[in-house]
Amino acid sequence: MLPGPLLRATAGDRVQVRVRNQLPEPTTVHWHGLAIRNDMDGVPEVTQPPIPAGEEFTYEFIPPDPGTYWYHSHGELQRGRGLFGALIVDDPRDPGDYDVEFLLVLSEWLGQRTPRQVLDELRGGEAHSQNDGHAEQSSSAVLGPDAGDVRYPCYLINGRPRGDPETFRARADQRARIRVINAAEDTTFHVALGGHTLTVTHTDGQPVTPRNTRSILVGMTERYDCLVTLDDGVFPLVASAEGKDGRGFALVRTGSGNAPPPDARVRELDPRPLLATELRAAESARLAPRQPDRTLTAELGGNMQQYVGRINGRSYPDHEPLVVSPNQRGRLVFANTTMMPHPMHLHGHFFTVGTPDGTGPRKDTVISLPHQRLVVDFETDNPGQWFTHCHNEYHQAAGMASVLSYRR
């Protein structure tokens, strides 16, 4: 299946997932966004030994927070082969003020190539070549002059190409909850529903003050929940590859009529999209204002001619741990010294983005834009060794990763 099967639980449930590794190589599974116990986090050689080929491992955890999450392999360059799926944690107190739910998992497909072949090309200095059809330099008014390194022949919504789109069905005037997950390796998506305004209610599973927008920018691994009241007709639901030439495409049908073509113009994509940093946390998700007990810096750098990524001058697995102590307020500064955006993810925690007063959105992944400093605050309330890394699959494989380490 592509994506993998939907997993669904209720906050507070005890969840068991048995993973049988039928790959010819080791693997693990990471439960992205869940602040669960450290030994279930699924990072090879950090929280567990990798699961050998032909063997199995049972993950057991209690998801504490409702929201839109996902799971994926944390074996190097395995996610791009399709090893991911959606994980929804329902809220038993959810008022259910919507009629239908649409789930969108966004991804790319390399065709006959493999992620390992592409990484070898990038390491061979072809990151900005237009000749092989797979490496590229893409420019975006939002993300900067180097929005991605890989060209894909196909962009998918729920595993389907735009020539064979999924159709979401509802009735006119119904209220839909749209859950969007970006499972891509190297692509940020600009998402809109033709003819409609979206109301963003959550990002990365955490509630925000509702915000109306014509479109949203969804970085790699980010998630958004939106509400929309549906008109009568057939409408394009588009995930345009930001800075690249291509789009994922689906349809929303509430009545009769011909379906728009996959290349239909969607005017909602014309304005600048809404970014997560422009949102505000709902009252229930805010951190109380407080000065940090410890401030850490993760300087994002590297050498793109050699295709090496670094945090604080080191390329993982070489790293200097980012050390915190339990029960404190931590501050982490992502200092991006590169020309590329980096979707930075911190395992095991939610952080507040950008505002010391605690009103910024609570997230686990945020886009660090080129040559900018981005400040996030978090509570050190989940002891362990926690991976933090760029979630562009190729940047992570190039070494842009480190470990947040709890020490007393």
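Before going into details, it helps to say that this report is about the structure given with it.

What counts, and at which threshold
Residues numbered from 1 in each chain as written. Predicted model: local features only at pLDDT ≥ 70, side-chain atom pairs only at ≥ 80, totals over all residues. Heavy atoms only, no water. Helix = DSSP H or I, 4+ residues; strand = E, 2+ residues; numbered from the N terminus. Rg over C-alpha atoms; globule rule 2.2 N^0.38 Å. Buried < 20%, exposed > 50% of the residue type's maximum accessible area, 1.4 Å probe, protein only. Contact = heavy atoms within 4.5 Å. Areas by Shrake-Rupley, 256 points an atom, 1.4 Å probe, with all protein chains shown as cover. Lys, Arg positive; Asp, Glu negative; His and termini not counted. Charge placed at Lys NZ, Arg CZ, Asp CG, Glu CD. Salt bridge = Lys/Arg side-chain N within 4 Å of Asp/Glu carboxyl O.

Each helix and strand in the protein was counted, giving 2 helices and 28 strands. Expected size for 408 residues packed as a compact globule is a radius of gyration near 22 Å; at 20 Å, the protein falls within 12% of this value. Structurally, the protein occupies a C-alpha span of about 60 × 55 × 45 Å along its principal axes. A buried classification covers 59% of the 408 residues belonging to the protein. Long-range contacts, defined as pairs at least 24 residues apart, comprise 74% of the intrachain contacts of the protein with a sequence gap of at least 6. For the protein, the accessible area works out to roughly 16200 Å², and carbon and sulfur atoms hold 45% of it. Taking the average place of the 41 positive charges on the side chains of the protein and the average place of its 51 negative ones, the gap between the two points comes to 2 Å.

Throughout the structure, instances matching the rule amount to 30 salt bridges. The shortest N-O distance in the salt bridge between arginine 177 and aspartate 94 comes to 3.1 Å. Of this pair, arginine 177 sits in strand S10 (residues 175–182) while aspartate 94 sits in the loop between strand S6 (84–90) and strand S7 (100–109); the two residues are 83 residues apart in sequence, bridging distant segments of the chain. One connected set of salt bridges, linked through shared partners, spans Arg8, Asp90, Asp94, Glu101, Arg177, Arg179 and Asp225.

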